[in-house]
Amino acid sequence: MPDSDLELDSRRTIYQRIADTPGVHFRALLDELEYAQGTLQYQLRWLADEGLIDVSDDGKYTRYYPAVEFDEADRTVMNALRREYSRRILAHLLADGPLSTTQLTDRLDKAQSTVSWHLSKLAEADLVTKERDGRSVVYEVSDPDRVEYLYTVHQLSFTDKVVDRILGLWDGY
């Protein structure tokens, strides 16, 4: 990318924050960078129009990624990793999976409806597979290598020490 694309300090700062925290959402950028909402919206739109960032909607948030670095499958994984309980579910499934909804509910100490909601979102995104085992449904990560790799590479941009302890991924890559 030409240096002139990022000649404005605000544009360069926004782009750098997105590069440092792939999958960051608008409100987080607004809180962290302290730009006016209109300024941030304008610069994000400009960066997207110029092809410097990609925009991804995860159903709840609009998330931003450096262009070229993340394909659609990577963005889908990162969207899930940016949600606290989806990240924790993936961590448990990677470390000890396959697991049932009941087992995950016990490990997360959350209501079964909450865990089921996150599991359904992960299944819709093809990040987990589910298989009926008698009266329960067992879940497994669809592409564990991709999830582990992206978590490990971007670990510092997550603030979840629980997942760090579960996975201990730094030794893996």
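Residues numbered from 1 in each chain as written. Predicted model: local features only at pLDDT ≥ 70, side-chain atom pairs only at ≥ 80, totals over all residues. Heavy atoms only, no water.

Novice: I'd like a rundown of the overall build of the chain, residues and numbers included.
Specialist: Each helix and strand in the chain was counted, giving 9 helices and 6 strands. A buried classification covers 46% of the 173 residues belonging to the chain. Here the analysis covers contacts within the chain between residues at least 6 apart in sequence; of these, 51% occur between residues at least 24 apart. Counting every atom, the chain has about 9500 Å² of accessible surface; 44% of that belongs to carbon and sulfur. (Helix = DSSP H or I, 4+ residues; strand = E, 2+ residues; numbered from the N terminus. Buried < 20%, exposed > 50% of the residue type's maximum accessible area, 1.4 Å probe, protein only. Contact = heavy atoms within 4.5 Å. Areas by Shrake-Rupley, 256 points an atom, 1.4 Å probe, with all protein chains shown as cover.)

Novice: Summarise helix H1 (residues 9-20); cite the residues concerned and give the values.
Specialist: Helix length check: H1 (12 residues) gives 16 Å between terminal C-alpha atoms against 16 Å at 1.5 Å per residue, within 8%. When we look at burial in H1, the residues that qualify are Ser 10, Arg 11, Ile 14, Tyr 15 and Ile 18. One face of H1 carries all of its buried residues, which in axial projection span an arc of 130°. On its buried face, H1 is in contact with strand E1 (24-25), helix H2 (26-33), helix H3 (37-49), strand E2 (53-57) and strand E3 (62-66). (Expected span 1.5 Å × (residues − 1). Arc of directions from axis to C-beta.)

Novice: Residues and numbers for the layout of surface pockets, please.
Specialist: In this structure, the largest pocket occupies an estimated 380 Å³ of space. Breaking the lining of the largest pocket down by element, the ones donating at least two residues are E1, H2, helix H5 (84-96) and helix H7 (112-124). It is H5 that provides the largest number of residues to the lining of the largest pocket, a total of 3 residues. Looking at the lining of the largest pocket residue by residue, the classes come out as 6 nonpolar, 5 polar and 8 charged. Reported here for the second largest pocket is a volume of approximately 260 Å³. (1 Å grid on protein atoms, 1.4 Å probe; cavity = no way out; pocket = protein on both sides within 12 Å on 5 of 7 lines; lining within 4 Å. Points joined across faces, edges and corners; volume = space filled by probe spheres on them. Nonpolar A, V, L, I, M, F, W, Y, C, P; charged D, E, K, R; others polar.)

Novice: Summarise the pairing of strand E6 (residues 136-141); cite the residues concerned and give the values.
Specialist: Looking down a regular strand, the side chains alternate between one sheet face and the other. Burial along E6 is one-sided: the residues Val 137, Tyr 139 and Val 141 are buried and none of Ser 136, Val 138 and Glu 140 is. For strand E4 (residues 99-100) and E6, the ladder comprises 2 bridges, and the chain directions are antiparallel. Bridge pairing in E6 places Leu 99 opposite Tyr 139. Pairing geometry for strand E5 (residues 128-133) and E6, over 6 bridges, is antiparallel. Note on E6: the bridge partner recorded for Arg 132 is Val 137. Remark: 2 residues form the turn of the hairpin made by E5 and E6, two consecutive strands paired antiparallel; Gly 134 in that turn has positive phi of roughly 70°. (Pairing = 2+ DSSP bridges.)

Novice: An account of the pattern of salt bridges is needed here, citing residue identities and associated values.
Specialist: Here the structure, examined in full by the defined rule, presents 10 salt bridges. One salt bridge in this structure joins Arg 88 and Glu 84, with 3.1 Å as the shortest N-O distance. Placement of both Arg 88 and Glu 84 in helix H5 is noted, with a separation of 4 residues, approximately one turn of the helix. Accessibility expressed as a relative area gives 16% for Arg 88, which makes it buried. Lys 121 is the salt-bridge partner of Glu 124, the closest N and O atoms lying 3.9 Å from each other. One end of the pair is Glu 124 and the other is Lys 121, both in helix H7 and 3 residues apart, which spans about a single turn. Given the relative accessible area of 59%, Glu 124 is considered exposed. Relative accessible area serves as the criterion here: at 31%, Lys 121 is assigned to the partly exposed category. If you follow the salt bridges from partner to partner, you end up with Asp 71, Asp 74, Asp 143 and Arg 146 in one network. (Salt bridge = Lys/Arg side-chain N within 4 Å of Asp/Glu carboxyl O.)

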